Amino acid sequence: MTDLSVQIGNLKLANPVMPASGTFAEGLSKVIDFERLGAFVTKTITRELRTGNPLPRVAERPGSLLNAIGIPSKGIPYFLEHTMPAYAGYRTPLVVSISAPTAEGFASLAAELTLPGISAIEANISCPNIEEDGKAFAMRASSTEAVIRQMRSATTLPIWAKLTPNTGELPDVARAAEAAGADAVVVANTILAMAIDLNTFRPCLGNVMGGLSGPAIKPIVLRHVFQCAQAVRIPVIGCGGISTTEDAVEYLLAGASAVQVGTATFVQPGAMTAIIDGLGRFCERREIARVSDLIGAVVNEEADEPDLAWVAPQ
């Protein structure tokens, strides 16, 4: 039988498949066996109560989904009293996603959530940074390093930095997160996009712009994962358009140590467990003893040719 376990820093996962933040909740336990997942990742928590963005918040497009949910949050007390107990009976590691408008706010949340039962903190640094004119922390290496460094001083838990694809400096940002003490980087959040209703001539989303997810973005984020895996020594967790076993294998080959599944769960609630089963079958067919042997195993011999030199590992 194939060994599906993977290592994310000091945290060992039974397999490399977990939900993407914001696409998973306790109610799914009625549909899938939670014990089978590599990890749980909560929807993003903020200190303040948030209602989210104006309606409409979701728009479907071919091969993709646009959303502008706006991180609605019931705050820390609700999470501690209601959400955490729902996961307490499972062996699966619990990863808590957090967001704040300042680096100090991230650090404060990380300190407060350094609790038994929480295995890691995912820093959603794709959110606006009010200390830098509303630009997302992960748009720049300097602001990424500042927030992760403050978090690192505030918690002993592993920190996963969730990066944004909406920057031309993604490998530099990943390196900055590593230098500041992140244990892994999640590549990546949704791609900023918009759509227009041709009947009303109005934007399809109440917030005008939103995040694009789903199969259409996979080739873009796969490239980001490949580049980041070449840039850092810490694990990269791939996230973007994963809906099949084949998608997950591509991400592993590109250098991801694990994957997060998001939009596919809305279409097929059992997508994650189907991918886990498929990984076992894939490895058995190829006589691969450990799924971790796939990590970074892409064959890139042609990169020595001048026309392909831009994709060569540095």
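Here is what the cut-offs are and how they apply
- Residues numbered from 1 in each chain as written.
- Predicted model: local features only at pLDDT ≥ 70, side-chain atom pairs only at ≥ 80, totals over all residues.
- Heavy atoms only, no water.
- Buried < 20%, exposed > 50% of the residue type's maximum accessible area, 1.4 Å probe, protein only.
- Helix = DSSP H or I, 4+ residues; strand = E, 2+ residues; numbered from the N terminus.
- Contact = heavy atoms within 4.5 Å.
- Phe/Tyr/Trp six-rings, centres within 6.5 Å; stacked < 30°, edge-to-face > 60°.
- Pairing = 2+ DSSP bridges.
- Axes fitted to C-alpha atoms, helices over the stretch in contact; angles between N-to-C directions.
- UniProt positions renumbered as here; feature names shortened; annotations may be inferred.
- Polar contact = N/O pair within 3.5 Å; in protein donor to acceptor, adjacent residues only side chain to side chain.

> I tried to follow helix H6 (residues 245-254) on my own but got confused; where do I start?
One turn of an α-helix holds 3.6 residues; hence residues three or four places apart share an orientation. Most of H6 sits inside the fold, with seven of its 10 residues counted as buried. Buried residues of H6: Thr245, Asp247, Ala248, Val249, Tyr251, Leu252 and Ala254, and no others. Taken together, the buried residues of H6 touch helix H5 (218-231), strand E13 (236-239), strand E14 (256-261) and helix H8 (271-285). Positioned one or two residues after H6, Gly255 has a phi angle of 125°, which is positive.

> For this particular structure, what's the right way to read the packing of aromatic side chains?
Considering all chains together, one arrives at nine aromatic pairs under this definition. Considering the side-chain rings of Phe24 and Phe40, the 5.8 Å spacing of their centres and the 20° angle between planes classify their relative orientation as stacked. With Phe24 in the loop between strand E3 (17-19) and strand E4 (40-41) and Phe40 in strand E4, the pair connects residues that are 16 residues apart, well separated along the chain. The burial state of Phe24 is the same as that of Phe40; both residues are buried. Through a chain of ring-to-ring contacts, three or more aromatic side chains come together here, namely Phe24, Phe34, Phe40, Tyr87 and Tyr90.

> When you look at the sheet that holds strand E6 (residues 64-67) in this model, what are you seeing that I'm missing?
Backbone-to-backbone hydrogen bonds join strands into a sheet, with any given pair of strands oriented parallel or antiparallel. The sheet built from four strands is open, its strands ordered E5-E6-E12-E11 with antiparallel pairing. Looking along the sheet, the strands with just one partner apiece sit at the ends: strand E5 (58-61) and strand E11 (191-194). Taken pair by pair, the neighbouring strands of this sheet meet at an average axis angle of 35°, ignoring direction. Bridging between E11 and strand E12 (residues 209-213) involves four bridges; their strand directions are antiparallel. Across the sheet, the residue bridging to Ala193 is Gly210, located in E12.

> What am I meant to see in the UniProt feature "active site" (unreviewed entry) in the chain here?
The positions that UniProt labels "active site" (unreviewed entry) are, in the present scheme, Cys127. As for its placement among the helices and strands, Cys127 is situated in the loop between strand E8 (120-124) and helix H3 (141-154).

> Explain the side chain of Thr46 here, please?
Counting through the fold element by element, Thr46 comes out in the loop between E4 and E5. Accessibility expressed as a relative area gives 1% for Thr46, which makes it buried. Within the structure, the side chain of Thr46 is placed 2.7 Å from the backbone oxygen of Glu48, a separation counted as a polar contact. A distance of 3.1 Å separates the side chain of Thr46 from the side chain of Ser73, its partner in a polar contact. Ignoring sequence-local partners within four residues, the contact set of Thr46 consists of Ile71, Ser73, Gly75, Ile76 and Ser99.

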